[in-house]
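# Tertiary structure, described
So you can see what is in the structure, the chains are spelled out below.
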Amino acid sequence: VQLQASGGGVVQPGDSLRLSCAASGLTFSRYAMGWFRQAPGREREFVAGIRGNGGRTYYSNSVKGRFTISRDNAKSTVYLQMNSLKSEDTAVYYCAAALNTPDWGGYYYTHAVYDYWGQGTQVTVSS
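In what follows, the accompanying structure is described.

Looking now at the overall build of the chain. When helices and strands are counted, the chain shows 1 helix and 11 strands. Of the regular secondary structure in the chain, the N- to C-terminal order runs β-β-β-β-β-β-β-β-β-α-β-β. Based on the C-alpha atoms only, the size of the chain along its principal axes is roughly 40 × 25 × 25 Å. Evaluated residue by residue, the chain yields a buried proportion of 44% over its 127 residues. If you take every contact in the chain between residues at least 6 apart in sequence, the share linking residues at least 24 apart comes to 59%. Summing over all exposed atoms, the chain offers an accessible surface of approximately 6,300 Å²; the carbon and sulfur share of this is 43%. Side chains of the chain give 12 positive and 8 negative charges; the mean places of these two sets differ by 5 Å.

What follows is the structure, encoded as structure tokens:
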């Protein structure tokens, strides 16, 4: 299984970015997907999650209303549209895959429920 995250970069506050995570080696629609991020000196934190069929999404309070997670199961790809970026959004962003079980809905924000992780893509928001 491989998860390949891309789309990071250096942007100014208020700008937008769209991250992509292409999955291979798994039946994509059977997996819920999540985005996490880790800033220097901080723990990895949940950002957004989406059910296997895309029917339910979850967001951390810090990004709700600014970020949108979506997926294209035909392309085995999950996206994170990030708008109104702030300096505090600066981090390495990771995508992760978890079996799309009922339990995931109660634990989507925890690292342990995810089976596979991508390599991360750096997002830097700076003026």
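After that view of the structure, there is still more to cover.
Moving on: the packing of aromatic side chains. The final tally for this structure, using the stated rule, is 10 aromatic pairs. A centroid spacing of 5.2 Å and a plane angle of 90° characterise the contact between Tyr-108 and Tyr-109, whose relative ring orientation is edge-to-face. A residue is classified by how much of its surface remains accessible, and Tyr-108, at 17% relative accessible area, is buried. One aromatic cluster is present, formed by Phe-36, Phe-46, Tyr-58, Trp-104, Tyr-108, Tyr-109, Tyr-114 and Trp-117 through successive ring pairs. When the ring centre of Trp-117 is taken as origin, the NZ or CZ atom of Arg-44, which lies over that ring, is 5.0 Å away. Its guanidinium or amino end placed over the ring of Phe-28, Arg-71 lies 4.3 Å from that ring's centre, counting from NZ or CZ.

It is worth spelling out the state of the cysteines at this point. Here a disulfide denotes one covalent bond, and it connects the sulfur atoms of two cysteines. Under the counting rule described, the total for this entry stands at 1 disulfide. Each sulfur in the disulfide pair Cys-21 and Cys-95 lies 2.1 Å from the other. Here the disulfide of Cys-21 and Cys-95 is right-handed, its torsion about the S-S bond being about 60°. Taken together, the positions of Cys-21 in strand β3 (residues 17–24) and Cys-95 in strand β9 (residues 91–99) put the pair 74 residues apart, joining distant regions of the chain. Just as Cys-21 is buried, Cys-95 falls in that class too.

How each quantity is defined
Residues numbered from 1 in each chain as written. Predicted model: local features only at pLDDT ≥ 70, side-chain atom pairs only at ≥ 80, totals over all residues. Heavy atoms only, no water. Helix = DSSP H or I, 4+ residues; strand = E, 2+ residues; numbered from the N terminus. Buried < 20%, exposed > 50% of the residue type's maximum accessible area, 1.4 Å probe, protein only. Contact = heavy atoms within 4.5 Å. Areas by Shrake-Rupley, 256 points an atom, 1.4 Å probe, with all protein chains shown as cover. Lys, Arg positive; Asp, Glu negative; His and termini not counted. Charge placed at Lys NZ, Arg CZ, Asp CG, Glu CD. Phe/Tyr/Trp six-rings, centres within 6.5 Å; stacked < 30°, edge-to-face > 60°. Lys NZ or Arg CZ within 6 Å of the ring centre and 35° of its normal. Disulfide = S-S within 2.5 Å.

Shape is all these values report; function is a separate question.
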